[in-house]
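Here are the chains, one letter per residue:
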Amino acid sequence: MNELNKEQLLEMYREPRNREKAFSIIVRENQRAIYYYTRRMVLDHDDADDITQNTFIKAWKGLENFRGESKISTWLHKIAYHESLSFINSQKRVGKVPMEKVEHTLSKSLEADVYYSGDEIQRKLQTAVALLPEKQKAVFIMKYFEEKKYEEMSEITGTSVGALKASFHHAVHKVEDFLKRD
Amino acid sequence: MSNRLHDIDPTLPDGIGEIISQIEREENFLVPDGYFNWMEQQITGQVKLEVARNSGVELADDGYFDSLESKIMGRIHLQEMAGSDANEFQVPSNYFEASEKKIIRASAGARIISPGWKAVLYPAMAAAAVVAGIMLFQPVNGIQTDSFAALLEKTELTEADLEYFASEEDYYQLWMDEVDDLLNDTIIEPMPNELQQQDSLATIPNEPALKNIPAEKGNAKKPIDPTTPRPTERQKQEKAISFDDLTEEEIWQYLLEDGGDLFEELK
């Protein structure tokens, strides 16, 4: 989607009779990217599904106030980023998985997940990423898997480019150390 | 798939790492067939619901009202079967009769907490504190130089200690016994001769305060029972004054001063 399309979409959205149609296009164009980002953040398909739907519902409610200063995809990513962090923090509070078992649990759940096709090294990489602190995890996913630029990541996370580079550097070292084990 | 990260951002510190760069980057997360079509419909459906809510339209699921009647009638039927005022929380038969007996039995054996138990507990605590103190100050070589009784005598309990360890009633009784003993001692103890000559308000130096009570003339002269440190019952009682206790001179003095009428009769 180029900038013109964004402008056209927003103009379409401002007309009440075309509002839902405009939003359907936005969903269709962005749902995969948002889903895979949240899936990598939380691993579980159902959780990712919930977060993705919440992201779009919030986007619908906030689209009226969207000023169009950034790309729609960046704006949606920003919502998804905060939704994912909120979900992870809520899971921590509930204590769904004990910390000492989290590594084993993650690896086993990926192995048993019918919606995951990676081999052993892929599973190990996903486990290493899942064990990162949530913000480093988000940075690693956006940089390594989605190949986003630091400037866009800065818009999404509200963090400076320098801080993001440092976060990515630390995340890479932690993942490398994890993969070197065994 | 080639590793494009180095091309995208050559300034990346330390790159992405030797091991990570060797891992093929592929999409391993799968979704059910038709998932994204379903998701789009799901989200747009929720948006329509949101729009309808905001416009004040009440929505219900398809077929909701078809099943509502049967649901309501089913609940009414269940309530009729159970009785209109039946309690939904059921208990075993004779539960409350058995409970009453249990409660009565428990009440009979229950410990009633009252000030009475303090009379046993607090002295026991005091004794325990004394024993602990003795054990604490026992010589290291284990040779006990003083008997328990001797140490007990040396142990001083202040009034505050007694007040703490004894109940109010016990403390009052102890205090009364002490007062009684001190009064008896004062009565029994003969006033030194030299002090009897002095002013009756004079005090005896270095003696307990209660011993400062001036020795009454009558008390000092009373006989002491040698078999007991306490006064005899006769001593404890207030003597009625009779003519036998008075000298002839005193009798005449009384009659002259206060017993004018009696004097006239005797005459």
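Just so you know, these numbers come straight off a predicted model, no measurement behind them. (Residues numbered from 1 in each chain as written. Chains lettered and ligands numbered in written order. Predicted model: local features only at pLDDT ≥ 70, side-chain atom pairs only at ≥ 80, totals over all residues. Heavy atoms only, no water.)

Moving on, we get to the overall build of chain B. Looking only at helices and strands, chain B has 14 helices and zero strands in total. If you list the helices and strands of chain B from N to C, you get α-α-α-α-α-α-α-α-α-α-α-α-α-α. Burial statistics for chain B: of 267 residues in total, 15% are counted as buried. Sequence separation of 24 or more characterises 40% of the internal contacts of chain B that already satisfy a separation of 6 or more. (Helix = DSSP H or I, 4+ residues; strand = E, 2+ residues; numbered from the N terminus. Buried < 20%, exposed > 50% of the residue type's maximum accessible area, 1.4 Å probe, protein only. Contact = heavy atoms within 4.5 Å.)

A word on the confidence of the model for chain B. The share of residues in chain B with pLDDT of 70 or more is 30%, and the mean pLDDT across the chain is 63. Across residues 140-145 of chain B, confidence stays below pLDDT 50; counting only partners more than four residues off in sequence or on other chains, it has two contacts. (pLDDT = per-residue confidence, 0-100.)

This model, assessed by the stated rule, comprises nine salt bridges over all chains. Of the charged contacts in the structure, one is a salt bridge between Glu50 of chain B and Lys61 of chain A, with a shortest N-O distance of 3.8 Å. With one member in each of two chains, Glu50 of chain B in helix α3 (residues 35-54) and Lys61 of chain A in helix α3 (residues 45-62) form a pair that bridges those chains. For Glu50 of chain B, a relative accessible area of 16% translates into the label buried. Put simply, Glu147 of chain A and Arg25 of chain B hold a salt bridge, and the shortest N to O gap is 2.9 Å. (Salt bridge = Lys/Arg side-chain N within 4 Å of Asp/Glu carboxyl O.)

Residues and elements named next belong to chain A. Within the chain, Leu43 stands out as a residue other than glycine whose phi angle is a positive 70°. By the element assignment, Leu43 lies in the loop between α2 (19-42) and α3. By relative accessible area, which is 7% here, Leu43 ends up buried. The backbone of Glu147 shows a phi angle near 55°, a positive value even though the residue is not glycine.

Enumeration according to the criterion identifies 14 aromatic pairs over all chains in this entry. Here a set of aromatic residues connected by ring pairs shows up, and it is made of Tyr35 and Tyr36 of chain A together with Tyr35, Phe36 and Trp38 of chain B. Of note, Lys143 of chain A hangs over the ring of Tyr150 of chain A, and the distance from its end group to the ring centre comes to 4.2 Å. Over the aromatic face of Tyr144 of chain A sits the side chain of Arg25 of chain B, whose NZ or CZ is 4.7 Å from the ring centroid. (Phe/Tyr/Trp six-rings, centres within 6.5 Å; stacked < 30°, edge-to-face > 60°. Lys NZ or Arg CZ within 6 Å of the ring centre and 35° of its normal.)

Chain B puts 37 residues into the contact, and the matching count from chain A is 44 residues. Of the roughly 3,900 Å² buried between chain B and chain A on both sides combined, carbon and sulfur atoms contribute 63%. Counting across the chain B and chain A interface gives four salt bridges. Across the chain B-chain A interface, the total number found is 15 residue pairs in polar contact (both at pLDDT 80 or more). Only α1 (5-8), α2 (18-22) and α3 of chain B provide two or more residues apiece to the side of chain B that touches chain A. With 13 residues, α3 of chain B is the single largest residue contributor to the side of chain B that touches chain A. Across the side of chain B that touches chain A, the residue classes tally to 19 nonpolar, seven polar and 11 charged. (Buried area = accessible area lost by both parts, 1.4 Å probe. Polar contact = N/O pair within 3.5 Å; in protein donor to acceptor, adjacent residues only side chain to side chain. Nonpolar A, V, L, I, M, F, W, Y, C, P; charged D, E, K, R; others polar.)

All right, on to helix α8 (residues 150-157) of chain A then. Since the α-helix packs 3.6 residues into each turn, any two residues three or four apart lie on the same face. All names here are of chain A. The buried fraction of α8 amounts to six of the eight residues, a majority that puts the element mostly inside the structure. Considered for burial, the residues of α8 that qualify are Tyr150, Glu152, Met153, Ser154, Ile156 and Thr157. Positive backbone phi, approximately 70°, marks Gly158, located one or two places after α8.

With that out of the way, let us pick up the nonpolar core. In this structure, Phe23, Phe140 and Val175 of chain A are the most contacted members of the largest nonpolar core, which totals 67 residues. At 10 residues, α2 of chain A tops the list of elements feeding residues into this core. With near-sequence residues (within four places) excluded, Phe140 of chain A lies in contact with Val129, Leu132, Phe145, Phe168, Ala171, Val172 and Val175 of chain A together with Ile20 of chain B. (Core = buried A, V, L, I, M, F, W, Y, C linked by side-chain atoms within 4.5 Å.)

Take Asp49 of chain A: it is sitting in helix α3. Residue class for Asp49 of chain A comes out buried when judged on its relative accessible area of 10%. Note: C-alpha distance between Asp49 of chain A and Tyr35 of chain A (14 residues apart in sequence) is 6.9 Å. Not counting residues within four places of it along the chain, the set of residues in contact with Asp49 of chain A comprises Tyr35 of chain A together with Tyr35, Trp38 and Met39 of chain B. A distance of 2.5 Å separates the side chain of Asp49 of chain A from the side chain of Tyr35 of chain B, its partner in a polar contact.

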